[in-house]
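Secondary and tertiary structure notes
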Amino acid sequence: MSVEERVEKKRPPPRKGGLAGIASNGYVIGAAVFASMGGFLFGYDQGVMSNLLTTENFGSQFPRIYSDADTKGWIVGILQLGAWVGALTNGPIAQKFSRKYSMMIAVVIFTLGSALQSGARNEGFIFGGRFIAGFAVGMLSHVVPMYQSEISPPEIRGALVSLQQFSITIGILVSFWLDYGFHFIGGTTCDRRGSSVYTGASNGDRNSFDPYNDVPPGGCDGQKESSWRVPLALQIVPALTLGIGMTFFPFSPRWLMSQGRDEEALHVVAKLRRLPPHDDRIQLEWLEIKAAVEFDRETTNEYYPGKRGFKLAVSQYALLFQRLGLFRRLAIGCIMQFFQQFTGINAIIYYAPTIFSNLGLDGNTTSLLATGVVGIVNCIFTIPAILWMDRFGRRKLLMIGALGMFASHAIVAGISGKYDGRFSDNPSAGWAGVAFIYIFIANFAYSWGPIGWVLPSEIFPASIRSKAMSITTSANWMMNFVIGRATPTMIRDIKFGTYIFFAVFCLLMFFWILWFVPETKNKTLEEMDIVFKDNSSAVDSERMRRVNERVGLTAAGSLRHDKPTSAATDEEKSGAEHVSSHGS
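In this text the structure is predicted, and so the values were computed from the model without any measurement. (Residues numbered from 1 in each chain as written. Predicted model: local features only at pLDDT ≥ 70, side-chain atom pairs only at ≥ 80, totals over all residues. Heavy atoms only, no water.)

Two side chains that carry opposite charge are able to pair once their charged atoms sit near each other. Per the stated rule, a full pass over the model turns up 20 salt bridges. Between Arg-492 and Asp-493 there is a salt bridge, and its shortest N-O distance comes to 3.0 Å. Residue classification places Arg-492 among the partly exposed residues on the basis of a relative accessible area of 45%. Judged by its relative accessible area of 48%, Asp-493 is partly exposed. What emerges from the salt-bridge pattern is a single network uniting Glu-294, Arg-297, Glu-298, Arg-546 and Arg-550. (Salt bridge = Lys/Arg side-chain N within 4 Å of Asp/Glu carboxyl O. Buried < 20%, exposed > 50% of the residue type's maximum accessible area, 1.4 Å probe, protein only.)

Written out as structure tokens, the structure is:
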């Protein structure tokens, strides 16, 4: 009797997803939580600069960054530019040195970048530190979801990879409120006499601080340097925690298998599932991983015989564009990342104090307080995705979220267009606009935020996953850079048209999901071939049959690769048909 036949005869009831599934996988959740601290670093570094750009002591030392919209766009965007480079180059690093060591290398680089920012004495240090920290964040954003997906059982994979987005929201939340608290050190104004002595005060300008003319002789005698240096330095603490903590957690079993370390992979799977290595369920999962890795290796060798090292890496990148099934996956992953950024989420996150000020919130402190609430809403509404994504699936949440964000942007555009320049006479309109900004954040948090990371992490075969995700993640960062760079100019020049711009993209996202994106919930990483029909050709099917026979999975070959599982829902089958009919 084969392994899979024995498993079918003694298979326990299906494991639960969501919170119950997480609670039953303590070791896996521990590894995933520590890995997701990479998301915390991204969120913190993303959010901390948002509020520091409105801090007067920071403005007194970097007046061009404080007062010039274009330079402000660059100081925000340089982090994303570094992250784009980091994500794009991390694929070979994660494949050669492991997912685990890739994270630890990123921690060292991030610590250097953070130190340069917190100790900066001129713009060069700020820009350089932001780029270096961004490079590390890009590495982490590439490798963390991949690591989480590769150690997770399918019934809770969505929940665990969602921890990446949840950690980003926690990082943003912590940075917002730390900025708000440190904002009061020495006072909230550069001049201890208050804003009434500033040159713009006589014109009724609420944001009247001019860093070129209003700084007292000798520098600010009110707000202290620690109001911005300490928040920048504090991000080193979670970075070191991540680096030290990951030494206690395992390598990815799929990476171990790809390196020929089969026995070590078996023991890691057993440890992750809390079952003995000889348990038939562990043996079956181990053999499925082995078959998938062997299949991908044979496919690569057949397409590119004799190639090694850099030439093989280039050829594998090229393979993503040459095979239709892989290109479908790559297109979905990249477009998902593109749309995630064109929801407008980071336009809000990066420039929330400016946006709230434009909606009539009076005073810098009030705008910072409202920005802190953005972090709370973002964090709270990410939790439903962790609890229910593996129950309701990816497609439904993405479509509902897209419509919610479309409506929110449209309403804020209408309010901003009608009352622009007159919010002081219509404060309720301004607060209504703020409320719909919060509703927008909520709709993003349970849908495109976490699923934007989950979907690309689960659709690629093991041998090419690292390189494929480096492309999809770098697409996210490049679009992130575009949004961060363009938003200040958009707010200044087209005003409420900024919200209309993002609303249009949110509507497009709805139809893209409806027509082109398959459902992937409860599919193992090895079963994704069914969804994307990679093995429909006779050559690939024959190769998979040979691999399955060689590793001892004769029956599993038909179970996993010839037809969808009987448990597939109508929506999952419909999603696969979408890919087949629209991806050709």
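Read on for the rest.
What follows concerns the side chain of Ser-98. In this fold, Ser-98 is placed in the loop between helix H7 (69–97) and helix H8 (99–118). What makes Ser-98 buried here is its relative accessible area of 0%. A distance of 3.4 Å separates a polar side-chain atom of Ser-98 from the backbone nitrogen of Lys-100. (Helix = DSSP H or I, 4+ residues; strand = E, 2+ residues; numbered from the N terminus. Polar contact = N/O pair within 3.5 Å; in protein donor to acceptor, adjacent residues only side chain to side chain.)

Another aspect to go through is a nonpolar patch on the surface. On the surface, Leu-403, Leu-507, Phe-511 and Trp-515 cluster together into a nonpolar patch covering about 340 Å² of accessible area. For the nonpolar patch, the leading source of residues is helix H25 (residues 497–516), giving 3 residues. (Patch = residues over 30% accessible without salt bridge, like charges linked within 9 Å, V, L, I, M, F, W, Y side chains within 5 Å. Areas by Shrake-Rupley, 256 points an atom, 1.4 Å probe, with all protein chains shown as cover.)

In protein chemistry, a disulfide is the covalent bond that joins the sulfur atoms of two cysteines. Scanning the entire structure with this criterion turns up 1 disulfide. Covalent S-S linkage joins Cys-190 and Cys-220, the inter-sulfur distance amounting to 2.0 Å. In this structure, the disulfide formed by Cys-190 and Cys-220 twists by about -100° around the S-S bond and is classed as left-handed. Taken as a pair, Cys-190 in the loop between helix H10 (157–182) and helix H11 (226–234) and Cys-220 in the loop between H10 and H11 lie far apart in primary sequence, 30 residues in all. (Disulfide = S-S within 2.5 Å.)

We now examine helix H18 (residues 345–358). At Tyr-351, H18 shows its largest bend, some 90°, and a proline, Pro-353, comes one to four positions later. The buried fraction of H18 is high, at 12 of 14 residues. What H18 keeps buried is the set Ile-345, Asn-346, Ala-347, Ile-348, Ile-349, Tyr-350, Tyr-351, Ala-352, Pro-353, Ile-355, Phe-356 and Ser-357. Gly-360 occupies a position one or two residues after H18 and carries a positive phi of about 100°. (Bend = angle between axes of the 7 residues up to and from the residue.)

A few words now on the environment of Glu-264. Of note, Glu-264 is situated in helix H14 (residues 262–273). Through-space distance from the C-alpha of Glu-264 to that of Phe-251 is 9.2 Å; in sequence the pair is 13 residues apart. Among all residues touching Glu-264, those that are not within four sequence positions of it are Phe-251 and Leu-256. (Contact = heavy atoms within 4.5 Å.)

We now examine the nonpolar core. The nonpolar side chains of a soluble globular protein tend to be buried with one another. Judged by nonpolar contacts, the single largest core of 152 residues is most densely connected at Phe-356 and Trp-448. Counting residues per element, this core draws most heavily on helix H9 (residues 123–151), which supplies 11 residues. Formed by 5 residues, the second largest nonpolar core is a distinct cluster that contains Tyr-66, Cys-190, Tyr-198 and Phe-209. (Core = buried A, V, L, I, M, F, W, Y, C linked by side-chain atoms within 4.5 Å.)

Interpretation note: all reported values are geometric properties and have no functional meaning in isolation.
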